[in-house]
Structures are given as structure tokens and as C-alpha cells.
Amino acid sequence: VIIEAVNTAAKDAARNLSAAQSARALVLPFAGAHRRDSSSAQAPYSTTLHAALADAGVTGAMSMQGSASAGLLGVLPLPSGPAAALVTGIRPAGALPGGHVVYSICNVQLQPLHTNELGDDDRQAGEAVVNLLESGHVLVSYNVDLTRSLQKQLGASERKQRTGSGFWWTWPMAAALNDDRLALSWSVRTALGFVSTSHMTLHGAIAGGGGNIWYTLISRRSRLRAGVRFITRGADTDGNVANFVETEQIVWLAVGAEALGANALTEEKRMSDATNGSRDSVFSSFRIIRGSIPVLWKQNNGLAKPPPELETPMWASRAGLQTATGARNANVGFSGRISAHMAHVTRSYRQVVCVSLVNLHGSEGVLADAFQRHLALDSPRDCVDSQSEDCLVRLIAFDFHEHCAGKEYERGLTSLMTLLKKDIHKFGVFVSSNDDCTAEHGVNTQRGVFRVNCVDCLDRTNVVQSAVARVALGMQLYALQIARQSKVNSGGEQFDEIRLSLDSEESFKRIWADNADAISKQYAGTGAMKTDMTRTGKRSAKGMLADGVKSAVRVYYKNVVDEARQEAINLITGCAMAARIPRSTALFVAHTVQRVSPGGEREAVVLELHENAMYVLTAEGLRYAYARDGEKALHAWHRRNDREKRPRLRLDFGAASISPLELQFRDGGSALRERFLRSLLAWTRSPVVEKAAQASSSPFRVRVLAAAVEIDTPHFLRNWGLASESQSNEDANGQSSNERLVICLVVPRIGPRARLYELAAVPADIDAHGFVLLSAQSAGPRGPAMCLLVTKDIARYALEVTDSRSIPNAAPSGSAPNAMVATAVRVLGVSLCFIGMSLYRPDALYTTLAALRLGRPGFDAFGQYERTYLCGRTRAEPATAEENHLTLPDWKPFADGVSTVRNFANGVTAVRSALPNVPGRDLSASAGSSALAFAVDELLPSRPLPSLPSGDDPALRATMALSRLQISNLRIPPAQAVGVGYSSAPSNCYIQFHSNLMFDVESTRVSLDGGPSQRWVDTQRLQFVASRKEELLSSLVFGLVIQQSNSVFPEQIVIGSFALPLRSGYDRDLSAGPESDAGFAPFEAQIRMQGANVGTLRGETRLTLQPRAATEAGLDQCISGDSSGSGFVDPKLKQTNSRKVKNYIGKISNYWSKAGKADTTFARPSLPVTSNDAAGSNQPKEQPWSSAPQSAIAVSQTPAPDSLQPQLYTSNNAMNPDNLDVSVTDLIGELSVGAQSEPHSVAAPPPNDVPRDEVDPLAALFGDSITSGVENTTARKAASKHGTGQHDPLIDLW
């Protein structure tokens, strides 16, 4: 297939190869095609058209079919092979200064670059991509780069102008050419967003050019973290945020053009006149951006509008934890994930004012607090409280729903604009000229930007952005000197008060409302809400009714359509591939796994570990690839358990666009999760994992400190006695010489002047002293507050961080409430839980603990972590210490029968729960002072990473037998027995066993007896698998005692938990033989719940170890060696029932939307080819699709984009339209070439050298619009003259 981009060849059916000597061409070889002089497969390359024809085997004179294309987008990988994506229909959408027209793509075809048959996966993926590209929101221009603002284009260097942009929507398809130079030269630059152009006039028909104003609004959406509502939220690890859109407001004066009335011409004619005579125009632009709140959060747990949730705590959003974004930026002063985003924004726009419109209370309050908290950590306080104008990044938190509710809309919006107007004038606008007027007011460049956001960054955001843009419009008009005479006549009118005519004001509102609808449709599926505010300036009953309908449609999209839309976006932006896995041997394969999508949907997938990457294959035919080594490889892993008792594993990779990956293991339970995790850690070459393995050989120190007085001012590490310990020096090997620290700071009482945004317990100088903040919490304005710090050398190995808080009931007036905050974390393999408390009476301990939600469902904080630390105050008033230096109290038994407690003289109480499998060494030497208690100080051993057996060592299968189980003194926990109607004696119970090394969750039968004493006669056998004996013997079995109520609908109620070491069944007397009763060892475990002892479990246990090969034991070791074989597995995955229903509904929708239209997704014609071969035959030869020879696409290239006039010629039966613009005169000349078997549209702007009186590019060429399948009588007659049964769309076009 030959595509010629310059229409300089003869315009008749006979083509002489000598005409192609000077034409350049881009060759896209078919899959598997080889050069005639080489056996290696071809890559895309640039050559002459003559050479391209020779490579395709075409010699002598030839007769070819003619066709045309408006652009080459790039190459899309599909399951059967690659396909070229070609634009075959465009329509005018707007205009830019300098005579440039912006078009929207309305037709796209995929030309397969192979001879394989197309399958259902090809059609499904191809249709999804084409439907998105044909949405009417993808924009293209042939003379100007739409992916960058005017200010960037005029101020950028030549090197930067040639660099791909994050707003180039189809860049991954262009990059599939495998050569950036070819991609930049041959692929059209596209932008997803909105554009509209309108003619405007000033109030009073100002003379001297005031009636010749043109206004364009263009929005461009970033392809980085692209997606749809409820699925793509917040920020990723590279600082990219969801729904990031740059909107540019452009105003220009078309010099020399005749002033026109707003209603005098059609939209196309007025747009054409906007480009006529405007090449010397003076223009101005103003930019404003929107983007999701730049913290890691999700919103997918619900049917209609689920509440936002922070996806990971604070540690994942700050500095020191990322290799790619963790380095501090000296120019910007920000680091970490949120800081990486702000660094991007400040580099592009300089100063930033963040306007957050989310609710400060309710479900949205968690996002408002997180945004304020993160900015407060990296910037001065006055930058967050909007008191200073000199901050590089400043936040203005404005609760839109509170201030603009109902009739308060105008008043609330006016108050917000009062806050913003000074910054609007300070930032200025960009102006293309440097005359005296612009220089006087310093508005040559825009020196700052407003970053506006709400939860969705749609409805509220657009209202505020349009209000800001209206103020900036007055500045732009003044800067262009359009209103200079108006200023003189009005006696000094300010530029922000310039008035437009009534029609122009309506046009401004209409364009901004249309912009809101377009951006909303791309992200949420429907038009924007609250557009009646934008269109009319007030709320109306009709607008509120329309918003209700849109809300219902959005619920439909969330639950039915959005997953498929997200997959199409992933294909276009390169996050997912539809191509098959490269043929190599799979080192590990897991079939019984589900992928939990960002939208919360669970789908069956196949996991394969290959030599260079891990592949995740979905039932829809998509493939996600994760790197094995380098900075994009595995960074962290987190074990989780959902309430369905199905274990989950979250994997964080350096590739932000496809991270995190959350997996759910259906069959095999925790053992399958461990099996996969061990194989993954053994397979990966991640530098983070390698360093974690080295770090797991040394112990670490845990310290808990609590303030005994109210904290009312900012504090520092020296106030806690920690400044000296945080100083670290590096040895010759670059290793930190200071000890590894995990420090928890607890503030039971908070004063009114403490740090806001839950940072009351965070010292102000932690970054300067080498600490990393893992978590910071506060239960309310009075406390308690708590923060968790670690030294930098172990910050990367702090995994599975979860936060919780508990405020079960209100306190008496004027008192702090009973409240707790908790953070759980796994540091170097040891699970830790820290709890800060503030109780005004001691008996509130049980109910407050019961409200915490951490870890495994059903377990409380004391029953599942190897170390739990509870610290704070249990009395309303603090105790008075007589001496400044306190005496260190001894540890004493706690009420649950397992933990220990120490009470300090200053009123601080500390409780420590230590499970027996992690021995610690107490380092406490001082109790502190009257204001500060050193509650806990101990040294803990680290654990090695989960791994497979090394070398030829076998794995271990273990069986733990539990016999003669009985519970004594069983009672209902105090928190459950108070006020809920439970009896003090439980009914019949059963025991449920959990362990990460078990194959599945196991349960006993229901006990024979109810009441306080219960027993079981059956022997319970638990199966385990481990890599090493030490790993197995240091593990625990966690158990739940569950009461089954005797009602019509039995209710399962957890009343207690316990931990049983596996070693208790191994250290036994083996003299009587393994099967005798003497082979069992007695054990005793305390059952506890919510800080209280609720019973004792007794019985006998025996642990039997059996060495097995890794495969037999259930641990498949990765295969090493040659991976060049054909190990590809083509999985036949079954879609979930919910996805089947969604796909069925989608097919019905597509059927009705395309009723009566031919399917033109793939170009598959059968065209005649004539060639002068050795036999001298000149007869056309019909070749079926399946037997098409391997060939190539050739696209001509010339130095200047304006001179490219693309034209298609086919050397075989595969049709391939081309890439850049098509000359109208050349298209007319090609009408005699022949008709195409598939009707499609071709359109492009006229070349600049065509006289305007001969070609009217918008009125004559485009008419109303250009779409696929335009038919009329003239076209049918013309097509019949060519001997075809179908019309020629080029004739229709003319």
C-alpha cells in the first residue's frame, strides 16, 4: 500500500514511476515483512516513493486506485497485528490567530498492517478506540501545535518545540512508529478537549477596530492519568492528576478585515473571515487549569455517589519514598507526589493559586483536609491560609455549596472573586506585541495561573473558571488597545470593567457552558451540571431538574459504561495493549486470580511472569505489562483482606500510569497469595527489593513518646528530646551510620493555636533532621493527635500502612471527647500498631477500642499485630508530677491477660501487647519529665523478605493438628454487652483460623455446649506451606471465636480472638511416637477482645513437617534459563456476569447509534491493481483480503508542514489513507482515479498558496459538515461512470 503525501504526480490513472523520484515517503512495513536484501524484519523508515515502490515489488507502469486521508495518527497494536490509524473525516471547529483553522475528527479508519484474519478481539478493541476518536472532541490543526498554548509556542526553543507534549492525545500511537523523528514528522498532533470561535463587539460599537474582535476558547486534556469519573481520581506516583485540563482564552484583532456584525454571517463564514486577513493580527491569551485534588484517593465503593477515601496514608504522598519523584527540586521547593505535581505546574505556569471548591465538611471534608495538610507540610502557614501573596503555591479553600447555596449564589461568587481579582491582575495576560500600552501595564506574559478544583473538577469548577475568565477578558481587550478610545471617553474606566455588547456577553456565556458540557462528557459521560449559572448567571428550576436527570445518567455510566470507556482510553494512551504477549516462556502462570480495577470491578485475569516483564491478561483481550527491572519495576507490596475473607495483594510499580495493581485471590486463599508474592519477589530485579533484602538483616528500635500537657504552639524535635538522635552520618559505603528508628509521638490534648490540618503532633523540623513522616492524624480540634516517623533508611520498607480513628460518643460540655487514633504498619517484616488515646474516664476504653477498624475483618487491634502500643491519658485532668524527672514505672499485667501496662506520674498510661513470636529487648532508661513521658523504648528484630527455597533446598508442607479444644470462662466483651441486649453468657460458638501460610481459612464445627464453657471433640487439621523451617516456626495462627445466635436468621458475632504460635506444636515430647497421644503438646491461649479478657482456650497440638519439592509443596519456583521457546498461553477467560450485562447493553447502544451506517472501523477493500510485469500483462487483478501480499505504506514528507498535500495510492488491495492536509485542487484532479469500495470522507484545510477567491476553505469546501456516508444523486451517477456500485465520497465532497 503506497500513500503519497505530495500531490505532484500526474492526475490520471496511469502512474509513471519517474514522477515519484523526488517524493519522500514513510514506509510502514507489514508485520513480518523483510527487506529484499536482508532477512531481518523491517522497522518504519523514511525513503523516496520510488524506493518504497521497489521495496513493495512494484515495477514498470502501473494503474492505481486513488484515495485520500486527512491525517495519520500512528499505529495501534491489535491482537492479530498492528494497524495504522488514519483520519478520514474532519469538520471545522474553531479558528486561531494567524489564519489557522482547528478541526475536529469525525471519521477514523484502521488499516491493518498484516494479512491475518481479524478476530472478535480486534473488532472489539478497534471499535472502542474508533468510537472514542470519533466522539467529536479530538481536535487537529495542520499549521499550529494545539498541544501547547500560544505563550509556550512563542517562547519555547526549537528543541522544546520538537518534543512531544502531555496534551498530545494520540502520542503513544505516534510513538509506535518506533522513531521519535518519524512520529514528529508524519503524525498529526491531536488534542482532546473543546474549541469554539465567536465574533464579538464592545458595548457602544467602538470605532477604530472595536467591532473586529475574535474570541476563541480552547481546552486541552492531558493524556497523563487520563480516564473517567469514579475510576481515575487523584494523583499518581509521578505527580500527574486526573481530569487535568488547560483552558486557553484567546482574543485577537483581525487587522485589515472588515468589521462584521455578530449575526450577519453563518458560523462557518464568520470563522473563515476570522482567518482572512488575520496573519498580521495582534492577539492575547489567558490560561487557567483544573485538575483532581493531588493526593492519592479513590471513590468507587458504592452504587450512586460513594464517599471519597484516601487510598494510602500520608507517607505515600510525601518525599523520600520515590526514586523518580523523591528528589527535592531546588527551584520549586516541593518534593514527593503532591510536590511533584506542584513542581510540574510551577515549571509550566510559575506562580499558582489553588482554588479548592470542595465541601469543608461531610464526606468531601477528607479531601479538603488532605489537600490542606499536604500543602501545609511543604509551605509556610500563610500560603495555606491565603494570607500571603508571595508564596509560589497558595491555597484558597472555598466551600462553594455553603457560600453559593440557593439565593446566596451571586453573593458567594462575588465574595470569591473579591479574593481572586487582585491575583488576576497580578498574573496578567499574554500579549503578542510589545507596544507602549502593553509594556506600561506589564502584561506581556502571564506570570501565574489559577488551579481550580472541586471533587470532579466539572460543575463548580467551570462556574468559577468562567467568572475568572470574564475578568481576564477585560484585561485582554485593554491590552490589545481595542478599548483605548473607550477609556478616554469614559473618563478613566479600568480595563477589568470593559463591557461587551449584549450579544457578545451571551456568546461568552454560551461558549463557556459548551466548554463545560464537552469536558463533562469526556470525564463523566453527560453534560455539566449548574450550566444554568454559566448561561444565565442564576439558578433556575429548569436547570435543577436537568441536573437531576444528569445525575441519574451519571449513575448509569458509572455502573454500566465507564469500565469500557476506561479500557478504550487505556488503549489510546498506551497504558494497555491489545496485542498478544511476545512469544517467550512463561516462568510463572496464575489463573485463579482477579484484578480489582480502579473502579472497584473484579475481573478474572491471567498473571504471567516472563523474562523481561510481568503480563496481566484480561477477558476483554487487554494486556498490561509491568517491568522486571529498573526504576519502573516493583516498589512496594501490601497484603490486604476484604470483608469477604478473600485475600488481596496491592503492588506498587514505578510505572505510574499502570500502578497500583490490586489483585484478589479467589481459590487458594492466602497460600496462593504468598505463592505468587514469593515468586514475584524472586523474579523481580527491582533495586528497591534488592535493598529491602539487605536491610532485613538488622534490628530496629521503636520509641513511643507522649505529651503530658496540652500542646498549643508549634513544636520541634528538640522539645521531644529527639534532635540529637536524628543526626545521621554516612560511612564510606554510603550507608547511614545511625540506628534505625520508628518513633510515635502522641499528643492527648490539643490547644487552639496548634498546627492545623491534623498536624498538631508533627514537629516543624522533621525534614531538616532526616525523618520521614509516615502518618499524621487527629481525632478532632481537641485531640488526640498522633504522628509516626521513621528514619530515611527504612522508610521504603514501611509497608501496609493503614489509619483509623474512633470517636464513639460525645464528652461533657467543655471536655475533650473519648477518642483514639491508630496507625498500623509493617516495618521490615514486623507488624506494628500504634494507638493514641484521650479518655475523660477509664471505662470508655472498651467502647473506644471497639470502634477502631484495622487489619483483618473481625479482629481488633490487640489480636492481630505482633506489637501493639496504646498510649495517652485516661483521665479528664492530668496528674501532677512533683518532680521534673520522673521515676520509670514497671510493666504490670493488663486486663486482657496478655498485655502489660505502665502508669506514669504525669498522667500518661502506656499499654504494650507483645506476641511471643517476636522477642524484643527493652531499652527504657528514663521516664521523662512532668511534660513528657518516654512510654516505650525497645529493640525488635527484623524479618527476611518472603522468598522461595534457595538452590536445591526443599520447601516445607506442615500439618498442625488441634485436639481436645475447650474454652473456659467465656463471656461477651464489655463493649458488646453494654446497651445492646446481649446476655453475659454466649450461645454456641465455633472457631475460625487464619494465617498467611495457610491454604485457606479453616473453621471448626459449632461447639457441643453453650455458655461460658464450650468444647469440641473433633481434631482440627490446618495445612501450611513455607520456604524455610525458621519461617514456619516463627509464624502464628490467629483465631476468631464466633458466636452463632439462636434466631430465625442466625447472626455471626465475633466475641474474641487469640494467637497461637506454630512452635507450640513442634516443641513436644516425641519419645512415644508421632501418632500417640504423648506426641501432642498442651497449649493455652488467652482470648481477648477490645482490651478485655473474655476467656481461655486450651487443648493439645502437634506440628508435623514434611520436606517437599517447591512444586509439590505449592510454591512454584521461577524457571531460569532459556526463554526463547513458544510458551505463550492464550487464556480463555470468562467475563463476569456484570461485565457481560454491561457489554450487552453497550452493543445495543452501538447498534442504535450506528443504525443504517456501514461499519468503517477497518479498511478492507479489494481494489484492482495493474502492473507491467515480465509477462507484459496490463489486466487488473482482483486479490482477496486473505491473500494480500506483504506490503508497505508510504507517506511523503517535505520540510515544511504547510507544503504537505497527502494523497493515497494503492499498490495492492490494502487501502491506506495518509496523514497531513489535502489540497482541494488536487482532490478534484484525483476524481478520475477511481472509486473506493468503502465510502469515507476526506477533508483538510487549503494550502496557503491557493487564492482566496478561488477556494473558500470553510464556506465552499466544508459546507455544514463533513461526515461519513454522504450520498446524493449526483454522486451515484458519478460513481456509476467509474464502474462501481458505490458512490465516490470525493465527488460528494466537491
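Residues numbered from 1 in each chain as written. Predicted model: local features only at pLDDT ≥ 70, side-chain atom pairs only at ≥ 80, totals over all residues. Heavy atoms only, no water.

With 33 residues, helix 18 (residues 541-573) extends only 40 Å from end C-alpha to end C-alpha; this falls clearly short of the ideal 48 Å at 1.5 Å per step. The largest bend in helix 18 is about 65°, located at Val 561. Positive backbone phi, approximately 85°, marks Gly 574, located one or two places after helix 18. (Helix = DSSP H or I, 4+ residues; strand = E, 2+ residues; numbered from the N terminus. Expected span 1.5 Å × (residues − 1). Bend = angle between axes of the 7 residues up to and from the residue.)

This paragraph deals with the sheet that holds strand 24 (residues 623-627). Strands sit in the order 24-23-22-21-27-26-25 across an open sheet of 7 strands; the sheet is antiparallel. In this open sheet, the two strands that pair with only one neighbour each are strand 24 and strand 25 (634-641). With direction set aside, neighbouring strand axes in the sheet form an average angle of 30°. (Pairing = 2+ DSSP bridges. Axes fitted to C-alpha atoms, helices over the stretch in contact; angles between N-to-C directions.)

This paragraph deals with the nonpolar core. Counting 109 residues, the largest nonpolar core has Met 614, Trp 637, Leu 651, Phe 676 and Phe 834 as its most contacted members. If near-sequence neighbours (up to four positions away) are discounted, Leu 651 is found in contact with Leu 634, Ala 636, Trp 637, Ser 659, Pro 660, Leu 661, Leu 663, Phe 676 and Leu 680. Residues Ile 213, Phe 286, Leu 420 and Ala 467 belong to the second largest nonpolar core, which totals 47 residues. (Core = buried A, V, L, I, M, F, W, Y, C linked by side-chain atoms within 4.5 Å. Buried < 20%, exposed > 50% of the residue type's maximum accessible area, 1.4 Å probe, protein only. Contact = heavy atoms within 4.5 Å.)

Counting buried positions along strand 29 (residues 741-747) gives 7 out of 7 residues, so the element sits mostly inside the fold. What you see with strand 29 is no split at all: Leu 741, Ile 743, Leu 745 and Val 747 on one side and Val 742, Cys 744 and Val 746 on the other are buried throughout. In the sheet, strand 28 (residues 700-707) pairs with strand 29 via 6 bridges, with the strands oriented parallel. Residue pairing across strands places Leu 705 opposite Leu 745, the latter belonging to strand 29. Strand direction decides the pairing type here: strand 29 and strand 31 (residues 785-791), joined by 6 bridges, are antiparallel. The residue of strand 31 that forms the bridge with Val 742 is Val 790.

With that out of the way, let us pick up the packing of aromatic side chains. A full pass over the atoms with the stated rule returns 14 aromatic pairs. Ring geometry for Phe 859 versus Phe 1038: centroids 6.3 Å apart, planes at 85°, classification edge-to-face. You can see Phe 859 sitting in the loop between helix 22 (845-850) and strand 35 (867-873) and its partner Phe 1038 sitting in strand 46 (residues 1036-1044), a full 179 residues away along the chain. When sorted by exposure, Phe 859 lands in the same class as Phe 1038, which is buried. Positioned above the aromatic ring of Tyr 624, the side-chain terminus of Arg 595 is 4.7 Å from the ring centre. (Phe/Tyr/Trp six-rings, centres within 6.5 Å; stacked < 30°, edge-to-face > 60°. Lys NZ or Arg CZ within 6 Å of the ring centre and 35° of its normal.)

On to the sheet that holds strand 38 (residues 908-914). If you trace the 7 strands from one edge of the open sheet to the other, you get 32-33-34-35-38-37-36, paired in mixed fashion. Strands at the two margins of the open sheet, each flanked by one partner only, are strand 32 (798-806) and strand 36 (892-893). Judged from the 2 bridges that link them, strand 36 and strand 37 (residues 900-903) form a sheet pairing that is antiparallel. Residue Lys 892 lies in a different strand from strand 37, and its bridge partner there is Val 901.

Attention now goes to the pattern of salt bridges. Where charged atoms from two side chains of opposite charge approach closely, those side chains can pair. Inspection of the entire model under this criterion finds 40 salt bridges. Salt-bridge contacts for Arg 510 lead to Asp 514; the nearest nitrogen and oxygen are separated by 3.6 Å. Of this pair, Arg 510 and Asp 514 both sit in helix 16 (residues 502-524), 4 residues apart, which is roughly one turn of that helix. (Salt bridge = Lys/Arg side-chain N within 4 Å of Asp/Glu carboxyl O.)

It is worth spelling out the environment of Phe 653 at this point. With respect to the element layout, Phe 653 can be found in strand 26 (residues 647-653). Apart from the residues within four sequence positions on either side, Phe 653 is in contact with Thr 237, Met 614, Tyr 626, Ala 627, Lys 632, Ala 633, Leu 634, His 635, Ser 659 and Leu 661.

We now examine the confidence of the model for the protein chain. Confidence in the prediction for the protein chain averages 74 pLDDT; 68% of positions are at 70 or higher. Counted against residues more than four places away or in other chains, residues 61-65, with its pLDDT under 50, gives 30 contacts. (pLDDT = per-residue confidence, 0-100.)

If you check helix 14 (residues 459-479), its first and last C-alpha atoms are 30 Å apart, about what 21 residues at 1.5 Å a residue would give, namely 30 Å. With 21 of its 21 residues buried, helix 14 lies for the most part within the structure. Backbone geometry just after helix 14 places Gln 481 at a positive phi near 65°.

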